[in-house]
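Per-entry structural report
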Amino acid sequence: MNITKIELLNFRNYNKKIFDNFSNLNIIIGKNGIGKTSIIEAIYLGSLAKSFKTNNEYSIINNNSDFFKIKIYYFDYGPKKNLEILLDKNGKKTKINSKIQKRLSDFISQYRIILLSPDELKLVKSSPNTRRNYLNIQISQLHREYIYYLNNYNNLIKNKNDYLKKLMLNSNLDSRYLDIIDEKIVEEGIKIYNYRKKYIELINKYINIFFNKFSEKSTLFIKYISDFEINDINKLTKELKKIRNKEINVGMTSFGVHRDDYEFIHNGNNSKEFSSQGIQKLIILSMKLSEVEIFKNEYNISPILLLDDLFSELDEKNRNKIFKSLNKNNQIFITTTDLKNINKKLIEKAKIFNLDERV
Ligand SMILES: Nc1ncnc2c1ncn2[C@@H]1O[C@H](COP(=O)(O)OP(=O)(O)O)[C@@H](O)[C@H]1O
Ligand SMILES: [Mg+2]
């Protein structure tokens, strides 16, 4: 999968801008605030139809306009394709080859991406919610149906919470309704549990190999933590029955995969508490590099790698290790304020986009 061209219209600081002739390895260079991350954000949007920088996508629209539009040209094995996203006061519209997509789920993952940015490197310390979101995004890039199960599950939890809240005001309990909704929660929750379990197992197949390149003789694996660990419909239904009174008392669903989390176990300890910040970054880098392998080896997909301002965060030794680990078959976009941060051999092979020169 290769992106060849990007057109930006009223997108952040760009009024109208075309970036053309991307190669396999692209380095975008320019001073802070010039618009490097915005290019990465546009590529991310083209894949996942949402931003990694903001939940309020209207803030992306250039201050002088009331809409933004991006158009991305790419090819995989077949003919060239193009993707469009438009956001205006009527919401978001997406197109593939000029044809409007009715559902966002039909649009996303035309090409796949792995993002490495300083923010992402904080995942060890982030909230469980951020870690779950990350896992959801990655799995949905590989399994379109996962988005559908997740939506079903989230709707069930929402309905159940609404009902439990109502019960707090008016204790007219219909326990049959809760039985039925719990049954469905277990049914959909088990599906989600199994996707997550499998994905984490796949990461664990690779993560220690990468981590040992940075930190020899240490061990690293991801521990999945879930209420659904029992993974058995009958037992889970019983579990939910047991806590029903508690749930009614607190007015909230307090058991399920919406509470899932995972820990990075480094030399036997949870790295959230025990590892230095430097090691935590290397842990996430190892996870990301593992994910590139998973996409390729287990799913035959070459994700586009987006490395946003990553190398200013790492010392030269570790930078070189990452350069060596990067697969030459993936298209790569690297942003940096200074070419000094980048290995000379890599620069020789790259196409350089100098944003400072264009102003
Ligand atoms: N909605 C917007 N309208 C106009 N400018 C914006 C908008 N959102 C962000 N910007 C500006 O866009 C610039 C580019 O940001 P960014 O891509 O993060 O730069 P870089 O990654 O090169 O440091 C910033 O100077 C920011 O102030
Ligand atoms: Mg930036």
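First, a word on scope: everything that follows refers to the structure included in this document.

**What about the side chain of Glu-188?**
The topology assignment puts Glu-188 in helix α5 (residues 175-214). Beyond its immediate stretch of four places on either side in the chain, Glu-188 contacts Tyr-149, Asn-152, Tyr-153 and Leu-156.

**Remarks on the sheet that holds strand β9 (residues 220-225)**
What the three strands build is an open sheet, ordered β9-β10-β11; its pairing is antiparallel. Every other strand in the sheet has two partners, leaving β9 and β11 (269-270) as the edge strands with one partner each. Relative to β11, strand β10 (residues 261-266) runs antiparallel, the two being bridged by two bridges. Directly across from His-266, in β11, lies its bridge partner Asn-269. Sitting on the sheet, α5 touches β9 and β10, and the angle it makes with β9 is about 165°. On the sheet, helix α9 (residues 277-299) packs against β9 and β10 and is oriented at approximately 115° with respect to β10.

**With respect to the packing of aromatic side chains**
Applying the stated rule across the entire model yields 14 aromatic pairs. A ring pair is formed by Tyr-163 and Tyr-177, whose centres lie 4.7 Å apart and whose planes are at 50°; its orientation type is tilted. Here the residue Tyr-163 occupies a position in helix α4 (residues 144-169), and Tyr-177 occupies one in helix α5, the gap between them amounting to 14 residues. A relative accessible area of 14% means that Tyr-163 is categorised as buried. Judged by its relative accessible area of 32%, Tyr-177 falls in the partly exposed class. For the pair Phe-311 and Phe-323, a centre-to-centre distance of 4.7 Å together with 45° between the ring planes defines the contact as tilted. Residue Phe-311 is located in the loop between β12 (304-308) and α10 (316-325), and its partner Phe-323 is located in helix α10; the two are separated by 12 residues in the primary sequence. For the pair Phe-311 and Phe-323, one class covers both residues: buried. When the ring centre of Tyr-73 is taken as origin, the NZ or CZ atom of Lys-5, which lies over that ring, is 4.8 Å away.

The rules we used
- Residues numbered from 1 in each chain as written.
- Chains lettered and ligands numbered in written order.
- Predicted model: local features only at pLDDT ≥ 70, side-chain atom pairs only at ≥ 80, totals over all residues.
- Heavy atoms only, no water.
- Helix = DSSP H or I, 4+ residues; strand = E, 2+ residues; numbered from the N terminus.
- Contact = heavy atoms within 4.5 Å.
- Pairing = 2+ DSSP bridges.
- Axes fitted to C-alpha atoms, helices over the stretch in contact; angles between N-to-C directions.
- Phe/Tyr/Trp six-rings, centres within 6.5 Å; stacked < 30°, edge-to-face > 60°.
- Buried < 20%, exposed > 50% of the residue type's maximum accessible area, 1.4 Å probe, protein only.
- Lys NZ or Arg CZ within 6 Å of the ring centre and 35° of its normal.

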